[in-house]
There are 2 protein chains.
Amino acid sequence: MIHLDQHERAELLRAIAHPTRLAVLEELRKGVRCVSDIKDLLEIPQPNVSQHLTILRKERLVSYYIDGKLRCYYLTRPSLVESLLDFLNGEYPVETLTHDEVCGSKAD
Amino acid sequence: MIHLDQHERAELLRAIAHPTRLAVLEELRKGVRCVSDIKDLLEIPQPNVSQHLTILRKERLVSYYIDGKLRCYYLTRPSLVESLLDFLNGEYPVETLTHDEVCGSKAD
DNA sequence: GCATCATATGCACATATGCGAATATCATAG
DNA sequence: CTATGATATTCGCATATGTGCATATGATGC
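Source: prediction; values computed, not measured.

The next subject is the overall build of chain A. Each helix and strand in chain A was counted, giving six helices and three strands. Along chain A, helices (α) and strands (β) appear in the sequence α-α-β-α-α-β-β-α-α when read from the amino end. In chain A, buried positions account for 44% of the 108 residues. Taking as baseline every contact in chain A between residues at least 6 positions apart, the subset at least 24 positions apart corresponds to 49%. For chain A, the computed accessible surface area is about 5600 Å², with 50% contributed by carbon and sulfur atoms.

Have a look at this one:
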C-alpha cells in the first residue's frame, strides 16, 4: 500500500491531465497496445507517442513487455486508472450550490 | 448532466493537479473558507491564494458568496471534488502486473 | 557484418505555468 | 469623501511543458 503526499498526488494527476495521455490510457484500458498501434489509433507522430508513454511510465501508470520487435504497453495499475477514467467519463450533475445551502450545511 | 471531451477532462484535471490547489480543495472540503483563512492555513501569500482560486473558479470547482468584507469560498461540486480527493488520498495496492497476467487476461 | 523495423532520445523552439512584488479594486466604516 | 481591510489583477521573470524533427538505439533477419 502506498500513501502519496500532496506533491506526489499532484504529479500523478498531472501525468494524466493531458488530452493525448488520457486517450492513450483509454486505449490501454481496452487491452495491450504497442507503440505503433497507439500511433495509428490516435494519429499522432511516433516520437510523440513515445514521449507521452515515457511520462506515463515515470508515474508507473504503464509498463511494457517485449514481443519480438514490439513493445507491448499495458496499464500497470488498471484499477487506479480505470476508476479515474470512469470518474472523468461519468456524467455528473452540475450541482451549483446556493448560498443558503452552503451557509446552512457546510459552515463551521 | 454534462459530458466532457478529452480536452475538457484534461483541463479539469490540470486545474486540480497542483499541490497548493489540492490543499485548497482539501480545506474547502472541510467547510467554507475565506481567502485570508486559506492564506493563514496554507501559509502562502494572499495574491497566490487568489491566483489559485481564480483557476479553480474557471473550472467551476469553487465559488464564493460575500459576507461583509469577506469572500467565502466553497466547493461548487462537492461530490465531484470529494470523490476525487478520496481517490487520491486512498491507499491503493501497487499491483504491478506480471507479463503473464497481462498476456493472459488483457490481450486482444 | 549490414539492412530494416520498432521505438526512444535529444534538440530547438514556442507557449504555458507559477510566483513574487507592486498595484488596483471594491465594499464598508467613519 | 476618505481611510481601511479584504481580495484581485498585472507585470516580470524563471522554469516547465509540448511538439516537430532529426537522429540514436536495439532487436531481428539475412
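Moving on, we come to the protein's contact with DNA strand C. The local shell around DNA strand C holds 21 residues, among which Ser 36, Gln 46, Ser 50 and Tyr 73 of chain A together with Arg 14 of chain B are the closest. Of what DNA strand C places within 4 Å of the protein, 65% of the atoms are sugar or phosphate. Here a phosphate oxygen of DNA strand C sits 3.2 Å away from a polar atom, N or O, in the main chain of Val 35 of chain A. Within the contact set of DNA strand C, a base nitrogen lies 2.6 Å away from a side-chain nitrogen or oxygen of Gln 46 of chain A. Those elements that place two or more of their residues in the surface near DNA strand C are helix 3 (35-42), helix 4 (46-58) and strand 3 (70-75) of chain A together with helix 4 (46-58) of chain B. Partitioning the surface near DNA strand C into residue classes produces seven nonpolar, nine polar and five charged.

Turning our eyes to something else, we now look at the protein's contact with DNA strand D. Taken together, 21 residues lie around DNA strand D, and Arg 14 and His 52 of chain A together with Gln 46, Ser 50 and Tyr 73 of chain B are the ones closest in. Here DNA strand D approaches the protein such that, of its atoms within 4 Å, sugar and phosphate make up 66%. Note that a phosphate oxygen of DNA strand D is positioned 2.4 Å from one of the side-chain N or O atoms of Arg 14 of chain A. Residue Gln 51 of chain A places a side-chain N or O atom 3.1 Å away from a base oxygen belonging to DNA strand D. Going through the elements one at a time, helix 4 of chain A together with helix 3 (35-42), helix 4 and strand 3 (70-75) of chain B are the ones with two or more residues in the surface near DNA strand D. Residue contributions to the surface near DNA strand D peak at six residues, all from helix 4 of chain B. Grouping the constituent residues of the surface near DNA strand D by class yields seven nonpolar, nine polar and five charged.

How each quantity is defined
- In this convention, every chain numbers its residues from 1, walking through the sequence in written order.
- Numbering of ligands from 1 and lettering of chains from A proceed in the order in which they are written.
- Local features in this predicted model are restricted to residues whose pLDDT is 70 or higher, and side-chain atom pairs enter the listing and the counts only when it is 80 or higher, whereas totals over whole chains, interfaces and linings include all residues.
- As a rule here, side-chain values cover all heavy atoms of the structure and leave hydrogens and water aside.
- Secondary structure follows DSSP: runs of H or I at least 4 residues long count as helices, runs of E at least 2 residues long count as strands, and numbering of each begins at the N terminus.
- Buried means the residue's accessible area, taken with a 1.4 Å probe over protein chains only, is under 20% of the maximum for its type, while exposed means over 50%, and partly exposed covers the values in between.
- Pairs of residues are marked as contacts when any of their non-hydrogen atoms sit within 4.5 Å.
- Using the Shrake-Rupley algorithm and a 1.4 Å probe, accessible areas are obtained, with residue cover drawn only from the displayed protein chains.
- Near is defined per residue: the residue qualifies when any heavy atom it owns lies within 4 Å of the molecule or strand.
- Residues adjacent in sequence count toward polar contacts only when both atoms are side-chain atoms; beyond that, a polar contact is any pair of N or O atoms within 3.5 Å, and within protein one must be able to donate a hydrogen and the other to accept it.
- Note on residue classes: Ala, Val, Leu, Ile, Met, Phe, Trp, Tyr, Cys and Pro are nonpolar, Asp, Glu, Lys and Arg are charged, and everything else, Gly too, is polar.

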